[in-house]
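Fold and geometry: a report
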Amino acid sequence: MDDLFPAVRSVATGLLYDEELMLQHRCLWDPEFEECPERLRSVLERCRELGLMERCERLPCRPATEAELLMFHTQSHLSTAAGTSGCRDVEALQQLSSKYDTVFFHPSTYKAALLSAGSTLSLVDAVIDGTVRNGMAIIRPPGHHAGPSEFNGYCYFNNVALAALRAAQRRLKVLIVDWDVHHGQGTQRAFYDDDRVMYFSVHRYEHGEFWPGLREGEYDCVGDGPGLGLNWNVPLNGTGMEDQDYLAIWHRLLLPAAYEFAPDVVLVSAGYDAALGCPQGEMRVSPACFAHLTHSLMSLASGRLAVVLEGGYCLSSLAESAALTLRALLGDPPPPLPALLPPCDSVEETILNVVSSQRRSWGFLTLYDTYHPAPGGGGGGGGAAAAPDQHIPVVEYRGDPPPADATYPTIGACPVQSEEEKERYRRELDQLREDTDLTVAPCRLVVAKTHHHHPNPMNGVIRSESVAALMQGCLEVGGGADACQEDGITEAIDAVLEDRAVAGFCACIEPDGPAAARHALSRCQRLLVVDWRDSPLCVAPDWGLMVPCPSDAEAVVLTISGGGCEVVNLHHDQKTTAELSPTVEPLLSWAGADRIRTPLMLESPSPDVSWESGEAVALLTQLLLPLAYQLCPQLVLLLAPAVPPESAALAEHVTHHLRALAGGRLVVIGSDACLPPLLGRPPRPLPPLGAPSLAALANLRRALRRQGQHWPALAEMKRVPETALEGRKPSTYEPFH
Ligand code: X5A
Ligand code: ZN
């Protein structure tokens, strides 16, 4: 069925690194040059310390061939680089280096750069061939600034662009996520008008004042020709950006766009210069956050994810962040993050700018209403003032065009922190490391046996033998002689909260959700319940009355159901019903002691149809995940009994993303459709996303507006200008899955 991918499918994580050539390449004339061998050493050391190395499958590094490099680079570029190989004339090397913007040549540079590019190609081949499920290339020199004949910003050959070209030649659709703090102009240019590759970059920009400071790093550069809409720039116009800023960008832009694009393989230009303490980025992303960024990308492309090291110059935050990325690739749930605040105003502004430029190319962005800009250019200065709910996108480029024919300084090109500043960051990172819970329970999964009600332990709920095989070695609870189903569920929740198992599973067709929630709330303070039923007939009656919530606790119940609405009303008490119009169905209600938060409603696409993928992805990324990260639950309960076959893939995605919360402490009560991701398997691809129905989006928008009063992390639903310009044409590519 999937003939572009060979049938071999390993679950291993591939790892590539080299401890010879890649450690020789260094700047001979500036001991402070930050792109240094210690970078690799520190990453490898931390991966060893955390026991990650032996869990990976090591793949050999190898040099790229000339033919491979010529996919992107020019012959003369190769000759210039080759000319430096083994050169003993340091002055000549320094002289050559000064012709390029922040680049140094060492006698080993050429060979190390060949090895970087070749290793990246090997990794992407292994991922595509299914030799490994995913993997990481811990390499240097980096690549994303290199052009066809440009050495630039510590880069010689564009490793990730070459890998993307290889994948595209193998007729695959590629997503490149570039979270290095610098704009990867080399990669952007390589695919600007290419419909096979979507490029998504988040970078420090400061209106063009931050290196490389090009106009093309601005948000309105969205691609050209067949690539229109496939280039995403998310410029950060300030420093100090934190986890909530990056995760908001992921949830509100990257994830829904990626689901809509539906890549066959995902490449990450993984620089760690946005990590806390890096003198280049001056951002404040925590190491644990990189595990979250990685985990969410593992939901795409059947988990075919290749992570490739780019920048990152604070050795301790680089090492920790890269190691936690690798740990996520290995399938460990990301470490819990503290409750997230909403993104800062500057990032909110940037997100709305991006939405304004991309809205016409992407179905999910119809979530944003439009307004007709006042004639005469509107926005910025001059025209009529914007209404409070209108966003006016402005480009305020303050960069200088690069000088033609410049010589560049070869010494003192890197920012240096004072000893005092370094010490401050060191302490802050030590503290973060101490506070970050990397506990992994001895057992991946606890399974509640429910024989009393169902003579067959799984009552046919666990259908496939392969799933049953996955469950070998799981902790079993419940099922004693007079045990009832509830005992099993209670014991599974206890096992997860006591860290005897990471996650829990209870096969169950008619779960008593409120009973499970009541028990959980007797053991923890913050609980998220996702009550997802295919039919409103089985949605639990009013949660608010059935789960008295202790005053020091907070519980959110998100109810998602398909089906007709007149039935829904029967299942809600007076207070809730009053909020329901006859044509909507309930989506979210809050179970508090005696307060009920505004229930959230989403119009049913049609009375007896389950959720369409496009709508579900909008719901998941725009509402569920931002809300969940703000709540910061200690436990997540997913009630998903009897998932119909057409929703099985969706159930895997919901399960996968929910595993990012609470350190993976997720108990699923319901169908075995959710099992593979509970065991760390990537969710299978969703069927092609239809455009979300306008009615569903209108209700989601309303819900976001209303819930936004309680959950500041939810998007402010501003309107963006309507544009007459035509957007991206549907891809000529057939979906492969
Ligand atoms: C790969 C990377 C940064 C170059 C900065 C030059 N390059 N000022 O992070
Ligand atoms: Zn960088």
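Residues numbered from 1 in each chain as written. Chains lettered and ligands numbered in written order. Predicted model: local features only at pLDDT ≥ 70, side-chain atom pairs only at ≥ 80, totals over all residues. Heavy atoms only, no water.

**So, the overall build of the protein chain**
A count of helices and strands for the protein chain gives 23 helices and 19 strands. Looking at the 737 residues of the protein chain, the share that counts as buried comes to 63%. Long-range contacts, defined as pairs at least 24 residues apart, comprise 82% of the intrachain contacts of the protein chain with a sequence gap of at least 6. Within the structure as shown, the protein chain displays about 26400 Å² of accessible surface, and the carbon and sulfur contribution to it stands at 52%. (Helix = DSSP H or I, 4+ residues; strand = E, 2+ residues; numbered from the N terminus. Buried < 20%, exposed > 50% of the residue type's maximum accessible area, 1.4 Å probe, protein only. Contact = heavy atoms within 4.5 Å. Areas by Shrake-Rupley, 256 points an atom, 1.4 Å probe, with all protein chains shown as cover.)

**Looking at the environment of Met198**
Residue placement: Met198 occurs in strand β5 (residues 197–204). Since its relative accessible area comes to 0%, Met198 is described here as buried. Residues Met198 and Phe261 lie 63 residues apart in sequence; the distance between their C-alpha atoms is 8.0 Å. When sequence neighbours within four positions are dropped, the list of residues in contact with Met198 reads Val174, Leu175, Ile176, Leu230, Trp232, Ala257, Ala258, Phe261 and Trp362.

**Overview of the nonpolar core**
Of all hydrophobic cores here, the largest spans 193 residues; its most connected members are Ile138, Phe157, Trp179, Trp232, Tyr246, Leu267 and Tyr272. Contacts of Tyr272, omitting those with residues within four sequence positions, involve Met136, Trp179, Cys278, Phe290, Val307, Leu309, Gly311, Gly312, Leu318, Ser321, Ala322 and Thr325. Counting 28 residues, the second largest nonpolar core, distinct from the first, contains Cys443, Cys508, Cys524 and Val529. (Core = buried A, V, L, I, M, F, W, Y, C linked by side-chain atoms within 4.5 Å.)

**Quick look at the environment of Asn237**
By the element assignment, Asn237 lies in the loop between β6 (231–236) and α9 (243–261). On the basis of relative accessible area, Asn237 is assigned to the partly exposed category, the value being 22%. Taking the C-alpha atoms as reference points, Asn237 and Gly208, 29 residues apart in sequence, are found 8.5 Å from one another. The residues touching Asn237, leaving out its near neighbours within four places in the chain, are Tyr205, Glu206, His207, Ser346 and Thr350. Here the side chain of Asn237 touches Glu206 through a polar contact of 3.3 Å, landing on its backbone nitrogen. Among the polar contacts made by the side chain of Asn237, one reaches the main-chain amide nitrogen of His207 at a distance of 2.7 Å. (Polar contact = N/O pair within 3.5 Å; in protein donor to acceptor, adjacent residues only side chain to side chain.)

**Focus: the coordination of the zinc ion (ligand 2)**
Protein coordination at the zinc ion (ligand 2) comes from Asp180 (OD), Asp180 (OD), His182 (ND1) and Asp273 (OD), with a distance range of 2.0 to 2.6 Å. Between consecutive donor residues of the zinc ion (ligand 2), the sequence gaps follow D-x1-H-x90-D. Linking Asp180 in the loop between β4 (174–178) and α8 (185–191) with Asp273 in the loop between β7 (265–270) and α10 (287–297), this pair joins segments that are 93 residues apart in sequence. (Donors = N, O, S within 2.8 Å, 3.2 Å for Na, K, Ca; no water.)

**Concerning the side chain of Arg133**
Summarising the element assignment, Arg133 is placed in the loop between α6 (109–129) and β3 (134–138). For the buried Arg133, which has no salt bridge, the nearest side chain bearing the opposite charge is Asp332, at an N-O separation of 8.6 Å. Looking at Arg133, its side chain comes within polar contact range of the main-chain oxygen of Gly680, at 3.4 Å. (Lys, Arg positive; Asp, Glu negative; His and termini not counted. Salt bridge = Lys/Arg side-chain N within 4 Å of Asp/Glu carboxyl O.)

**Let's talk about helix α21 (residues 648–658)**
Helical geometry: 3.6 residues make up each α-helical turn, so side chains three or four residues apart lie on a common side. In terms of burial, α21 is a largely internal element, eleven of the eleven residues being buried. Of all the positions in α21, only Ala648, Ala649, Leu650, Ala651, Glu652, His653, Val654, Thr655, His656, His657 and Leu658 are classed as buried.

**Describing the state of the cysteines**
Counted according to the given criterion, the structure contains zero disulfides. We note that Cys443 lacks a disulfide partner, and the nearest cysteine sulfur, in Cys474, lies 5.5 Å from it. (Disulfide = S-S within 2.5 Å.)

**A few points about the pattern of salt bridges**
Two side chains of opposite charge can pair, provided their charged atoms sit close to one another. The tally for this structure, following the rule as stated, stands at 36 salt bridges. Note that Asp125 and Arg166 form a salt bridge whose closest N and O atoms lie 2.4 Å from each other. Of this pair, Asp125 sits in helix α6 while Arg166 is found in helix α7 (residues 159–169), placing the two residues 41 residues apart along the sequence. Considered together, Asp125 and Arg166 belong to a single accessibility category, that of buried residues. The salt bridge involving Arg204 is made with Glu206; its shortest N-O contact spans 3.0 Å. Salt bridges sharing common partners tie together Arg46, Glu49, Glu320, Glu423, Arg426, Arg427, Asp430 and Arg433.

**Quick look at the sheet that holds strand β2 (residues 57–58)**
Strand order in this open sheet of eight strands is β2-β1-β3-β8-β7-β4-β5-β6, and the pairing throughout is parallel. Because the sheet does not close on itself, it has two edges, and the strands there are β2 and β6. Pairing of β5 with β6, which is carried by six bridges, proceeds in the parallel orientation. Paired with Phe200 across the bridge in β6 is Trp232. Packed on one face of the sheet, helix α11 (residues 315–329) meets β1 (13–17), β3 and β8 (305–309) and runs near 160° to β3. (Pairing = 2+ DSSP bridges. Axes fitted to C-alpha atoms, helices over the stretch in contact; angles between N-to-C directions.)

**Comments concerning the pairing of β6**
Counting buried residues along β6, six of its six residues qualify, which places the element largely inside the surrounding structure. A two-sided burial pattern is seen for β6, the buried positions comprising Asn231, Asn233 and Pro235 on one face and Trp232, Val234 and Leu236 on the other.

**Focus on the pairing of β7**
Burial of β7 is extensive: six of the six residues sit out of reach of the surface. Burial along β7 is two-sided: Val265, Leu267 and Ser269 and Val266, Val268 and Ala270, pointing in opposite directions, are all buried. For β4 and β7, the ladder comprises five bridges, and the chain directions are parallel. Counterpart to Val174 in the pairing with β7 is Val265. Examined bridge by bridge, β7 and β8 share five bridges and lie parallel to one another. Bridge pairing links Ser269 to Val308 in β8.

**Topic: the site of ligand 1**
Around ligand 1, 13 residues are found, and the nearest of them are Thr102, Gly153, His182, Asp273 and Tyr313. At a separation of 3.4 Å, a nitrogen atom of ligand 1 approaches a polar side-chain atom of His145. When ligand 1 is considered free in solution it has 310 Å² of accessible area, and contact with the protein chains removes 95% of it. Split into classes, the residues belonging to the shell around ligand 1 amount to four nonpolar, seven polar and two charged. (Near = heavy atom within 4 Å. Nonpolar A, V, L, I, M, F, W, Y, C, P; charged D, E, K, R; others polar.)

**What to know about the confidence of the model for the protein chain**
Looking at the protein chain, the pLDDT average stands at 86 and 84% of residues meet or exceed 70. In this model residues 378–382 is a low-confidence stretch, pLDDT under 50, and it forms three contacts with partners more than four residues away in sequence or in other chains. Per-residue pLDDT stays below 50 along residues 731–737; that stretch engages in 21 contacts with residues further than four places along the chain or on separate chains. (pLDDT = per-residue confidence, 0-100.)

**Thoughts on the packing of α10 against α11**
At a minimum axis distance of 8 Å, the contact between α10 and α11 shows a crossing angle of 35°. Read as a crossing pair, α10 and α11 show a hand that is right-handed. Taking contact as the criterion, the partners of Pro287, Ala288, Phe290, Ala291, Thr294 and His295 in α10 are, on α11, Glu320, Ser321, Leu324, Thr325, Ala328 and Leu329. Tallied by class, the residues present in the contact of α10 with α11 amount to seven nonpolar, four polar and one charged. (Left-handed = near helix turned anticlockwise from the far one by under 90°.)

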